[in-house]
Amino acid sequence: IKLAFASTLLVATAASAATINVDFESMPGADRLLNTADDEPMADNYLVWIRDQLSPAGITFSQGSMMQGGFFDGNAQNHFLTSTSPIGTFSIPVFGISIESKSYWPATLTAYGASGNVLATNTISSSPDAATRLSVTTTEAIASFSVLPDNHNYILNLDNMVLTVSAVPE
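What you see is a predicted model, and the numbers here were worked out from it, not measured in a lab. Throughout this description, residue numbers start from 1 for each chain and increase along the sequence as written. A pLDDT threshold of at least 70 governs which residues receive local features in this predicted model, and a stricter bar of 80 or more applies before side-chain atom pairs are shown or counted, although totals over entire chains, interfaces and linings include all residues. Derived side-chain values reflect all non-hydrogen atoms in the structure, with water molecules and hydrogen atoms excluded from consideration.

Colleague: Just checking my understanding: could you explain the packing of aromatic side chains for this structure?
Modeller: Note on aromatic pairs: each is described by the distance of the centres and the angle between the planes. Note on aromatic pairs: the rings of Phe, Tyr and Trp (six-membered ring only in Trp) are paired at centre separations within 6.5 Å, and the planes decide the class, stacked below 30 degrees, edge-to-face beyond 60, tilted for the rest. Within this structure, the stated rule accounts for four aromatic pairs. Ring plane angle 55 degrees and centroid distance 6.1 Å describe the contact between Phe24 and Phe61, whose orientation is recorded as tilted. On the criterion of sequence distance, the pair formed by Phe24 in the loop between strand 1 (19-22) and strand 2 (26-27) and Phe61 in strand 5 (residues 59-61) is long-range, its members being 37 residues apart. Accessibility assignment for this pair places Phe24 and Phe61 in one class, buried. A centroid spacing of 6.1 Å and a plane angle of 80 degrees characterise the contact between Phe61 and Phe145, whose relative ring orientation is edge-to-face. Taken together, the positions of Phe61 in strand 5 and Phe145 in strand 11 (residues 132-149) put the pair 84 residues apart, joining distant regions of the chain. By the burial criterion, Phe61 is buried, and Phe145 matches it. A network of ring pairs unites the aromatic residues Phe24, Phe61, Phe90 and Phe145 as a single cluster. By the criterion adopted, a ring carries a charge over it if an Arg CZ or a Lys NZ lies within 6 Å of its centre and within 35 degrees of its normal. In this structure, Arg51 packs its charged tip against the face of Trp49, placed 4.7 Å from the ring centre. Numbering goes from the N terminus for both helices and strands, where a helix is a DSSP run of H or I of at least four residues and a strand is a run of E of at least two. Residue exposure (1.4 Å probe, protein chains only): buried if accessible area is under 20% of the type maximum, exposed if over 50%, otherwise partly exposed.

Colleague: Please explain the pairing of strand 7 (residues 79-83) as it appears in this structure.
Modeller: As a general feature of sheets, a regular strand has side chains that alternate between the two faces. Summarising burial for strand 7: five of the five residues are buried, a large majority. Residue alternation in strand 7 divides its side chains into two sets, His79, Leu81 and Ser83 and Phe80 and Thr82, and both sets are buried. Here, a strand pair is defined by DSSP locating no fewer than two bridges between the strands. Across four bridges, strand 6 (residues 65-68) lies against strand 7 in antiparallel orientation. If you follow Met67 over to strand 7, its bridge partner there is Phe80. Note that strand 7 and strand 12 (residues 156-164) share three bridges and pair antiparallel. Paired with Thr82 across the two strands is Asn157, which belongs to strand 12.

Colleague: Just to check I follow, could you spell out the nonpolar core for this structure?
Modeller: A general trend in soluble globular proteins is that nonpolar side chains are found buried together. Definition of nonpolar core: a set of buried residues of the types Ala, Val, Leu, Ile, Met, Phe, Trp, Tyr and Cys, connected through side-chain atoms within 4.5 Å. If you look at the biggest cluster of nonpolar residues, it comprises 31 residues, and the most contacted ones within it are Phe24, Leu54, Ile59, Phe61, Ile97 and Met161. Within the residue set of this core, elements represented by two or more residues are strand 1, strand 5, strand 8 (87-101), strand 9 (107-112), strand 10 (118-124), strand 11 and strand 12. Top contributing element to this core by residue count: strand 11, with five residues. Here, residues are in contact when the closest pair of their heavy atoms is within 4.5 Å. Discounting residues that sit within four places of it in the chain, Leu54 has contacts with Val22, Phe24, Ser26, Met27, Pro28, Leu34, Met42, Ile59 and Phe61.

Colleague: Hey, could you run me through unusual backbone geometry in this one?
Modeller: Working note: non-glycine residues mostly have negative phi, and peptide bonds are mostly trans. For Asn35, which is not glycine, the phi torsion reads 65 degrees and is therefore positive. Looking at the secondary structure, you find Asn35 in the loop between strand 2 and strand 3 (40-41).

Colleague: How should I be thinking about the pairing of strand 12 in this particular structure?
Modeller: Most of strand 12 sits out of view: seven of its nine residues are buried. Note that strand 8 and strand 12 share five bridges and pair antiparallel. Paired with Glu100 across the strands is Asp159, a residue of strand 12.

Colleague: I tried to follow the environment of Val48 on my own but got confused; where do I start?
Modeller: Here Val48 shows up in strand 4 (residues 47-49). As a C-alpha pair, Val48 and Ser65 span 17 residues in sequence and 5.4 Å in three-dimensional space.

This is the structure we're talking about:
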């Protein structure tokens, strides 16, 4: 009886992970969180470096810039990250990354641990007509990540990043 109850309890208490959604439309306000009432809109300039705009939320990009235009969804005010090699670091614990790419060539998402070791990778093939999602999940905290095209001369356009900020139960 105890064994049956314990297995029922495990199924009933499956936990969902907490997430941070980054659509590159806004940056954190005074509360240091995204998607809250005090967030500020990203600049309306066509091209803006994104290096520190999201650092209050624990996300810093060492490369990449914000572009503005209807590339993803037809909305001319849409902001997205563009670069030949977007690389980001986290000052918060992150256990999963998912990011949307609309590219004419393959791209690879790589998650790195604190010592620079590769934790996980995910590669997608080209998808010029629809956005494709790159995703990785790890049990060790991700300290940094890269999203690279298969040719270093190609530019990636990325949007709608979702970070899992609590460990996902195995």
